[in-house]
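Commentary on secondary and tertiary structure
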Amino acid sequence: MIGIVGGGIAGLSAAYRLQQHGYEARVFEANDDLGGLAAVYETAGDPIEKFYHHLSKSEETIVELAEELGLGEAIEWRIGKNAYYIDDEVHPMDKPWEILSFPHWSIYDKFRLGMLTLDIDVRGGVPKFDTYEQLDDFEDVPVEQFAREHTTQNVYETFFEPLLDAKFGDRKQDVSAAWLLGRIKFRGERDLLKGEVLGYLDGGFGRLLDALVEAVGRENIETGTRVTGIDSKDRQVTKLKAQNETGELTYDVDNVIIAAMPNVLEELTGYTCDIDFQGTVCSVISIQNRLMDTYWLNIADEAPFGALIEHTNFVPPDRYGGEHLLYVARYIQSPEEDVWQQTDDEIRETWFSGIESLFPSFDRSRVNWVQTARNPRTAPVYERGYLDMVIPYDLSDQIANGIYYAGMASRAQYPERSLNGGVEAGFNSAHMVMMERK
Ligand SMILES: Cc1cc2nc3c(=O)[nH]c(=O)nc-3n(C[C@H](O)[C@H](O)[C@H](O)COP(=O)(O)OP(=O)(O)OC[C@H]3O[C@@H](n4cnc5c(N)ncnc54)[C@H](O)[C@@H]3O)c2cc1C
């Protein structure tokens, strides 16, 4: 039997692939619910992810998986409008003329940023088209130095720096330029006249998880069951130990795939992972009316959150029984941070006063409900030298034969962690198990 630790998208994808090829796989999930970071809340209509989710056009494996599971038609490509809040004003940032009229940049600033996003290096006056081809070349370059050199000081200070502050806080100095370049390439497709094309699954990504669960077989998934140990003999994995409400359980296993955060791998095997993770506090606020015109609002002005994401400006509110759904999110670098320490009621107050100061028309009395999720490990800090710290899928050399890893510290989750990366990590680890057992 192949034991899979974690019932998020990576673990379920691994189990699906293995069973499809005739292997017996069993998923163990510590929580009562499946889905991990892609778990959902109920609304008056379709469920909504606890943390905002969309797909980029460059992500293909998850689309193929949806097609295999009969959900291909349910993938929708929609325009997700972006805007930037700076000096008390919202500036739409999608269409060429919106960017050209952005008052905080000179024509030269816009030219330099435009060239970078088109992968053209204009330093030195002669355009070069291959500078950005190899991300690895920028792995050791600090993102700040890179952004200043490859755009302008002003673009860095008015744009990249506030975004890096929101995403990485005081860890921004450590982040590599390869991450930024990877993000620019990763974003995928833009409609020049409308904006960025992003994907969503009609009914929410929970439908994909449900389809995976059905394909794997609910009887092959144990929820409320935490894996507590992995035994090996003569460097070959032999047993998986788990705990549920009935007590301790032991299973004979030939292979184990750990599809969870690296700390779980560390606890179960003693492996040391040097990647640092950041946490997130993220609320969904259901409102009776729309707050803004945009899907994704980055914020340069002082605010207690890093971004406001109005989901129902991307997917229409009638899908949610007319509720307007706003994500308010902040990345957390340390458990000492005030927002991390706050109760749900205090967070609600913090968000409301922050929204009021940006949007004075925001009316608290029109809020239906607020739900808050917090998780101490939601994204790696993509610091310099990151790729050297990635955990290999096959851990036979490092731990014992038969142990594999498919969690967020795997290669498929670079340069940005995603559902697609989770599916790929699950598939890659399953493929390696199958190669071993052939
Ligand atoms: C704020 C935020 C925004 C995001 N935005 C997007 C986006 O726009 N688009 C996108 O594609 N992706 C996005 N993601 C990323 C996406 O959610 C993740 O990459 C993906 O869900 C990771 O799946 P996973 O299976 O690797 O890990 P997880 O979802 O973390 O699943 C791991 C599971 O393992 C379980 N577990 C842990 N320890 C044990 C144990 N000892 N025994 C048994 N079970 C255990 C956990 O309970 C968990 O359910 C976002 C994530 C966050 C947090």
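All of the points below concern the structure found in this document. (Residues numbered from 1 in each chain as written. Predicted model: local features only at pLDDT ≥ 70, side-chain atom pairs only at ≥ 80, totals over all residues. Heavy atoms only, no water.)

Structural notes on the overall build of the protein chain
For the protein chain, the helix and strand inventory stands at 13 helices and 21 strands. Buried positions account for 58% of the 438 residues belonging to the protein chain. Sequence-distant contacts in the protein chain: of pairs separated by 6 or more residues, those separated by 24 or more amount to 69%. Within the structure as shown, the protein chain displays about 18,800 Å² of accessible surface, and the carbon and sulfur contribution to it stands at 46%. Of the side chains in the protein chain, 40 bear a positive and 75 a negative charge, and the two mean positions are spaced by 2 Å. (Helix = DSSP H or I, 4+ residues; strand = E, 2+ residues; numbered from the N terminus. Buried < 20%, exposed > 50% of the residue type's maximum accessible area, 1.4 Å probe, protein only. Contact = heavy atoms within 4.5 Å. Areas by Shrake-Rupley, 256 points an atom, 1.4 Å probe, with all protein chains shown as cover. Lys, Arg positive; Asp, Glu negative; His and termini not counted. Charge placed at Lys NZ, Arg CZ, Asp CG, Glu CD.)

Details of the nonpolar core
Within the largest apolar cluster, 66 residues are counted, with the highest numbers of intra-cluster contacts made by Ile4, Leu18, Leu208 and Ile257. Beyond its immediate sequence surroundings of up to four residues, Ile4 is in contact with Gly11, Ala14, Ala15, Leu18, Ala25, Arg26, Val27, Phe28, Ile257 and Ala259. Listed in part, the 59 residues of the second largest apolar core include Phe160, Val227, Tyr386 and Tyr405. (Core = buried A, V, L, I, M, F, W, Y, C linked by side-chain atoms within 4.5 Å.)

Quick word on the environment of Gly354
As for its position among the elements, Gly354 is in helix α11 (residues 344-358). Among the residues examined, Gly354 registers a relative accessible area of 4% and is labelled buried. Between the alpha carbons of Gly354 and Gly247 there is a distance of 46 Å; along the sequence they are 107 residues apart. With near-sequence residues (within four places) excluded, Gly354 lies in contact with Pro304 and Phe305.

A look at the sheet that holds strand β8 (residues 89-92)
Ordered by their spatial adjacency, seven strands build an open sheet running β8-β7-β17-β18-β19-β16-β20, and the pairing between neighbours is mixed. Both outer strands of the open sheet, β8 and β20 (367-380), are each paired with one neighbouring strand and no more. The sheet shows a mean angle of 20° between the axes of neighbouring strands, direction not considered. With respect to the sheet, helix α6 (residues 153-168) is in contact with β7 (82-86), β16 (277-287), β17 (296-299), β19 (324-332) and β20, its orientation differing from that of β7 by roughly 100°. (Pairing = 2+ DSSP bridges. Axes fitted to C-alpha atoms, helices over the stretch in contact; angles between N-to-C directions.)

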